[in-house]
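# Fold and geometry: a report
Read off the chains here:
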Amino acid sequence: MKKKTAKVFRPTAFASPYLIATIIFVIIPLVLVLVYSFRGANGEFTFENFRKVFTDKETLRQLGQTLEIAAVSTAICLLIAYPIAYILASAPFKKMAILALLFIIPMWINFMLRIFALQSLLSMLGVKKGFGAAVIGIVYDFFPYMLLPIYTVLSNMDKSYVEASRDLGANSVVTFFKVTLPLSIPGVISGISMMFMPIFSSYAITKMMGDMNTTVIGAKIANLFEYQSIGNYGYGSALSFVLLIVVLLFMFLGTILTKRSPKAAKPVKGGTL
Amino acid sequence: MKNKTSSSLFLILKWVILLVVLAAIYLPLIMIIVYSFSTNRTVGGEYGEFTFALYKKLFENKALLTATKNSLVIGLVSALLATILGTTASVGIHYMRKKTKAAVDAASQITIVNTEIVTAMGFFLLMIFMRDTIQIPVNFSLGWLIITHTIITTPYVILTVSPRLKQLNPNLLEASMDLGAGPMRSLITVMLPQLAGAMISGFALAFTLSLDDFVVTNINSFGANVETISTYVYSGIRKKLPADIRALSTIIFIVVLTVLIVFNIVKNKKAKNAAKKINQQ
């Protein structure tokens, strides 16, 4: 009898608690976001919430500013993180594991405390709160997340490609742009994706470092839920739903780019050289 | 000769770049540590005398101590739940057929790729729905925060445990069950010992992610009166943050640094011992 139950049991059943939890706490909430975004103040079906998202000047301005903050800080972060990752993955530094660790240790410290520390230093240096300070805060917060994937790709890269390129007469600049950089693109994309969309939600940083006019769209959504009377969450839900679509678009774009880059590198791997 | 000097110049330049960025990363933290022993209201003001006054004040600041306790309780309990849920899920997913596996993997990625504010709002709406529409007696509370943190950290445990599972002999679990052990017993006595390392990493990752969380906690504690370190600092922006936050920051920096250094020394020792064993053989 016991043997029979053991045979009937499939190991896949071990996943069922997690699957149930995912349906209740992940899938249903997303359905609720969709339902509430089509719900008016009195519970009727309406497109009003979406119309408001795309016509309200304040919301559009905040969306635009979020994109601007995200683009500027991601670009700055990439421009600092790439050279650092490149140096850390190169000859004499590669062996000093502790050095790379020093750059990512802040990841383990509560980010609000880190931002608090940065804010204290900036105000001591006389930097005013505003767009610039907010960008500095975001770059400071996300730096390890940008550095780590690029560093991982660069330090795991097969150095024989670089050597082959040098042997065939390319100088170090050409080698970098034609060999190292293309091979490191997956790390760069992974770094960007760990930073760009999360910035939409980092209203804590813009509130601590920015002025009244500097904010990300996450702040708007949080406000809509905190100060809205119960039963009137439609507008915030519609805004969230739009963000969800944006996330999906970026994910799609990221997948296409990542899928493309190894293909570009494949001829090298296949031995055309 | 010329080549040699230019390459050593490059080396110096590389060191300079690394050190400048390291200085930028650590200067704010160092200033907080230095000024945690001063009583000046702002960092960078007149230092005065070296004193432990802020530390004394910290241990009298009930709100901040409660927030720290809440952060630790939510972090530890949700990381424990996430480790259990994530490990069992990994084992189950491991034995799924390709198509089901792809679907479950995609579902587990949702909270990872989604913007946190949308995830947070989803939880918020779910609570409103359960409380007001189907009238289950639940409300925003410490328990609710533990559940939400468990849900957002479990996928990371799966990401940590699954690769280890792939390295194991695929017939282990079935062999154990064929020999008469029940599924729970097979899981606990056969699979878990081999997954222990990955589970510990998963637990540590879940714990750090939970401690670091702000958005989900902020949105899901509206009206619940549960503060964590993150929400305490955030709500302090409007008022003025008490200076003893600097003492708490210093303690946290030192704990994190000690844990990481000890962890790395142990890891290096283990790697060395393993290398020794191979050499002896």
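Computed from a predicted structure; not experimentally measured. (Residues numbered from 1 in each chain as written. Chains lettered and ligands numbered in written order. Predicted model: local features only at pLDDT ≥ 70, side-chain atom pairs only at ≥ 80, totals over all residues.)

What chain B contains, in helices and strands, is eleven helices and zero strands. When the elements of chain B are put in sequence order from the N terminus, they spell out α-α-α-α-α-α-α-α-α-α-α. In terms of C-alpha radius of gyration, chain B reaches 24 Å, well past the compact-globule figure of 19 Å for 281 residues. Taking the principal axes of the C-alpha coordinates as reference, chain B spans close to 75 × 75 × 35 Å. Within the span of chain B, comprising 281 residues, buried residues form 37% of the whole. Within chain B, counting contacts between residues at least 6 apart in sequence, those at least 24 apart form 76% of the total. (Helix = DSSP H or I, 4+ residues; strand = E, 2+ residues; numbered from the N terminus. Rg over C-alpha atoms; globule rule 2.2 N^0.38 Å. Buried ≥ 20, exposed ≤ 12 C-beta atoms within 10 Å, placed from the backbone. Contact = placed C-beta atoms within 7 Å.)

The next thing to look at is the overall build of chain A. Summing up its helical and strand segments, chain A has 14 helices and zero strands in all. Helices and strands in chain A line up, N terminus first, as α-α-α-α-α-α-α-α-α-α-α-α-α-α. Whereas a compact globule of 273 residues would reach a radius of gyration of roughly 19 Å, chain A reaches 24 Å, over 25% beyond that. When its C-alpha atoms are laid out on the principal axes, chain A stretches across 75 × 75 × 35 Å. Considering only intrachain contacts with a sequence separation of at least 6, the fraction spanning at least 24 residues in chain A is 73%.

On to the interface of chain A and chain B, then. With 65 residues of chain A in contact, the opposing surface of chain B contributes 71 residues. Here the side of chain A that touches chain B is composed, by residue class, of 52 nonpolar, nine polar and four charged. (Nonpolar A, V, L, I, M, F, W, Y, C, P; charged D, E, K, R; others polar.)

Glancing now at the domain arrangement of chain B. Buried accessible area, meaning the area lost when the parts come together, often serves as the stated size of an interface. Partitioning chain B into structural domains gives domain 1 (1-61) and domain 2 (62-241). Spacing between the C-alpha centres of domain 1 of chain B and domain 2 of chain B amounts to 35 Å. (Domains from an automatic or database assignment.)

The next subject is the nonpolar core. Grouped together as the largest cluster of nonpolar side chains are 107 residues, with contacts concentrated most on Ala-81, Ala-85, Met-112, Leu-147 and Ile-150 of chain A together with Met-121 and Val-233 of chain B. Of the residues forming this core, the biggest block, 15 residues, is contributed by helix H8 (residues 131-156) of chain A. Split by domain, the residues of this core number at least three in each of domain 1 (1-61) and domain 2 (62-241) of chain B. With 24 residues, the next largest nonpolar core counts Phe-14 of chain A together with Ala-79, Val-104 and Val-161 of chain B among its residues. (Core = buried A, V, L, I, M, F, W, Y, C linked by C-beta atoms within 7 Å.)

What follows covers the packing of helix H2 (residues 16-37) of chain A against helix H5 (residues 116-133) of chain B. Between H2 of chain A and H5 of chain B, the least distance of the axes is 8 Å, while the angle of their chain directions is 85°. Classified by the angle their axes make, H2 of chain A and H5 of chain B are roughly perpendicular. Seen from H2 of chain A, the contacting residues are Phe-25, Ile-28, Pro-29, Leu-30, Leu-32, Val-33 and Tyr-36 of chain A; seen from H5 of chain B, they are Val-118, Met-121, Gly-122, Phe-123, Leu-125, Leu-126 and Phe-129 of chain B. In the contact of H2 of chain A with H5 of chain B, the residues fall into 13 nonpolar, one polar and no charged. (Axes fitted to C-alpha atoms, helices over the stretch in contact; angles between N-to-C directions. Parallel < 35°, antiparallel > 145°, perpendicular 65-115°, else oblique.)

Before going further, it helps to examine the packing of H2 of chain A against helix H4 (residues 98-113) of chain B. Running from amino to carboxyl end, H2 of chain A crosses H4 of chain B at an angle of 45°, the nearest separation of the two axes being 11 Å. On the basis of the axis angle, H2 of chain A is oblique to H4 of chain B. Of the two elements, H2 of chain A crosses H4 of chain B, and the hand of that crossing is left-handed. Residue-level inspection shows Leu-19, Thr-22 and Val-26 of chain A of H2 of chain A in contact with H4 of chain B, the latter providing Val-104, Ala-107, Ser-108, Ile-110 and Thr-111 of chain B. Partitioned by chemical class, the residues of the contact of H2 of chain A with H4 of chain B number five nonpolar, three polar and no charged. (Left-handed = near helix turned anticlockwise from the far one by under 90°.)

As a further point, take helix H7 (residues 111-125) of chain A. Residue and element names in this part refer to chain A. Taking 1.5 Å of rise per residue, 15 residues should cover 21 Å, and H7 covers 21 Å from first to last C-alpha, within 8% of that figure. When you tally the buried positions in H7, you get twelve out of 15 residues, the bulk of the element. Among the residues making up H7, those that are buried are Phe-111, Met-112, Leu-113, Arg-114, Ile-115, Phe-116, Ala-117, Leu-118, Gln-119, Ser-120, Leu-121 and Leu-122. Positive backbone phi, at 85°, marks Gly-126, one or two positions downstream of H7. (Expected span 1.5 Å × (residues − 1).)

Our focus in this paragraph is the confidence of the model for chain B. Residue and element names in this part refer to chain B. Chain-level statistics for chain B give a pLDDT mean of 89 and a share of 98% at 70 or above. Across chain B, element-level confidence peaks in helix H3 (residues 62-94) with a mean pLDDT of 95 and bottoms out in helix H7 (residues 172-178) with 83. Both scores are available for the predicted complex, with the pTM at 0.87 and the ipTM at 0.86. (pLDDT = per-residue confidence, 0-100.)

In this section: the environment of Thr-255 of chain A. Residues and elements named next belong to chain A. On the secondary structure map, Thr-255 appears in helix H14 (residues 234-270). The exposure class assigned to Thr-255 is exposed, which follows from the 12 C-beta atoms found within 10 Å. Separated by 69 residues in the primary sequence, Thr-255 and Pro-186 have C-alpha atoms spaced 9.9 Å apart.

This part covers H2 of chain A. Between its first and last C-alpha, H2 of chain A extends 30 Å over 22 residues, near the 32 Å set by a 1.5 Å rise per residue. The complete set of buried residues in H2 of chain A reads Tyr-18, Thr-22, Phe-25, Val-26, Pro-29, Leu-32, Val-33, Tyr-36 and Ser-37 of chain A.

Here we come to the confidence of the model for chain A. All names here are of chain A. Overall, the predicted model of chain A reaches an average pLDDT of 85, with 90% of residues at or above 70. Below pLDDT 50 for its whole length, residues 1-6 participates in six contacts with residues either more than four positions away or in separate chains. Below pLDDT 50 for its whole length, residues 263-273 participates in seven contacts with residues either more than four positions away or in separate chains.

Our focus in this paragraph is unusual backbone geometry. If you check the backbone angles, Gln-135 of chain B has positive phi at about 55° while not being a glycine. In this fold, Gln-135 of chain B is placed in the loop between H5 and helix H6 (142-167).

As a further point, take the environment of Thr-228 of chain B. Residue and element names in this part refer to chain B. When you line up the elements, Thr-228 lands in the loop between helix H9 (215-219) and helix H10 (229-235). Thr-228 sits in the buried class, given 30 other C-beta atoms within 10 Å. Along the sequence, Thr-228 and Asn-218 sit ten residues apart, while their C-alpha atoms lie 8.9 Å from each other. Aside from chain neighbours lying at most four places away, what touches Thr-228 is Ala-67, Asn-70, Ser-71, Ile-74 and Thr-217.

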